[in-house]
Amino acid sequence: MNMNEEKEKAMQLLKTARGQIDGVIKMIEDGRYCMDISNQIAATQGLVKKAQVLILKQHIANCVTAAVAADDSAQKMDEITKILEKIIK
């Protein structure tokens, strides 16, 4: 998958997640069953996580690879570490 395909896929996943969030809000407003709402939230989180993986994959394949080739990878590795710390929390 090339860079543009990954970006497009990530954007599509995020747009789908946005639609699901609107659906979750409506479910709450309509007083739907809590477990149904929770399942929809979990599905939305899954889409956002998949988008995150695609964006990180693109960053590693392009920015980090270029930095390693230029023998200037410390900053890129630090950036990845920081984002992984946020994701893991």
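Note that the structure is predicted; figures quoted are calculated from it, not measured. (Residues numbered from 1 in each chain as written. Predicted model: local features only at pLDDT ≥ 70, side-chain atom pairs only at ≥ 80, totals over all residues. Heavy atoms only, no water.)

## Examining the overall build of the protein
So, step 1. In terms of regular secondary structure, the protein is built from three helices and zero strands.
So, step 2. In the protein, the order of α-helices and β-strands from amino to carboxyl end is α-α-α.
So, step 3. Its C-alpha atoms give the protein a radius of gyration of 17 Å, more than 25% over the compact-globule value 12 Å for 89 residues.
So, step 4. In terms of overall dimensions, the protein has C-alpha extents of about 55 × 30 × 15 Å along its principal axes.
So, step 5. In the protein, buried positions account for 20% of the 89 residues.
So, step 6. Of all intrachain contacts in the protein linking residues separated by at least 6 positions in sequence, the fraction that spans at least 24 positions is 56%. (Helix = DSSP H or I, 4+ residues; strand = E, 2+ residues; numbered from the N terminus. Rg over C-alpha atoms; globule rule 2.2 N^0.38 Å. Buried < 20%, exposed > 50% of the residue type's maximum accessible area, 1.4 Å probe, protein only. Contact = heavy atoms within 4.5 Å.)

## A short note on a nonpolar patch on the surface
So, step 1. Taken together, the side chains of Leu84, Ile87 and Ile88 make up a nonpolar region of the molecular surface, amounting to roughly 290 Å² of accessible area.
So, step 2. Note on placement: Ile87 falls in helix H3 (residues 74-88). (Patch = residues over 30% accessible without salt bridge, like charges linked within 9 Å, V, L, I, M, F, W, Y side chains within 5 Å. Areas by Shrake-Rupley, 256 points an atom, 1.4 Å probe, with all protein chains shown as cover. Salt bridge = Lys/Arg side-chain N within 4 Å of Asp/Glu carboxyl O.)

## What about the pattern of salt bridges?
So, step 1. By the definition in use, this model includes four salt bridges.
So, step 2. Residue Lys26 is joined to Asp30 by a salt bridge in which the shortest nitrogen-to-oxygen separation is 2.9 Å.
So, step 3. Lys26 gets classed as partly exposed once you look at its relative accessible area, which sits at 47%.
So, step 4. Relative accessible area serves as the criterion here: at 47%, Asp30 is assigned to the partly exposed category.
So, step 5. When the shortest N-O distance is used, the salt bridge between Lys76 and Glu79 registers 3.9 Å. Of this pair, Lys76 and Glu79 both sit in helix H3, three residues apart, which is roughly one turn of the helix.

## Topic: helix H2 (residues 34-69)
One turn of the α-helix equals 3.6 residues, which is why residues spaced by three or four share an orientation.
So, step 1. With 36 residues, H2 should cover 52 Å at 1.5 Å per step; its first-to-last C-alpha distance of 51 Å lies within 8% of that length.
So, step 2. Among the residues of H2, those classed as buried are Ile37, Thr44, Leu47, Ala51, Leu54, Leu56, Gln58, His59, Val64 and Ala67.
So, step 3. Residue Asp71 follows H2 closely and has a positive phi angle near 55 degrees. (Expected span 1.5 Å × (residues − 1).)

## Some words on the confidence of the model for the protein
Predicted coordinates in regions of low pLDDT should not be interpreted in detail.
So, step 1. The pLDDT averaged across the protein works out to 92; a share of 97% of its residues lies at or above 70.
So, step 2. Helix H1 (residues 3-29) holds the highest mean pLDDT among the elements of the protein, 94, whereas H3 holds the lowest, 90. (pLDDT = per-residue confidence, 0-100.)

## Quick word on the packing of H2 against H3
So, step 1. The interhelical angle for the contact between H2 and H3, taken along N-to-C directions, is 160 degrees, at an axis separation of 10 Å. Viewed along their axes, H2 and H3 adopt a mutual orientation that is roughly antiparallel. Between H2 and H3 the crossing geometry is left-handed. The segment H2 lies against H3, with Gln52, Leu56, His59, Ile60, Cys63, Val64, Ala67 and Val68 engaging Lys76, Met77, Glu79, Ile80, Ile83 and Ile87.
So, step 2. Residues belonging to the contact of H2 with H3 are distributed by class as follows: ten nonpolar, two polar and two charged. (Axes fitted to C-alpha atoms, helices over the stretch in contact; angles between N-to-C directions. Parallel < 35°, antiparallel > 145°, perpendicular 65-115°, else oblique. Left-handed = near helix turned anticlockwise from the far one by under 90°. Nonpolar A, V, L, I, M, F, W, Y, C, P; charged D, E, K, R; others polar.)

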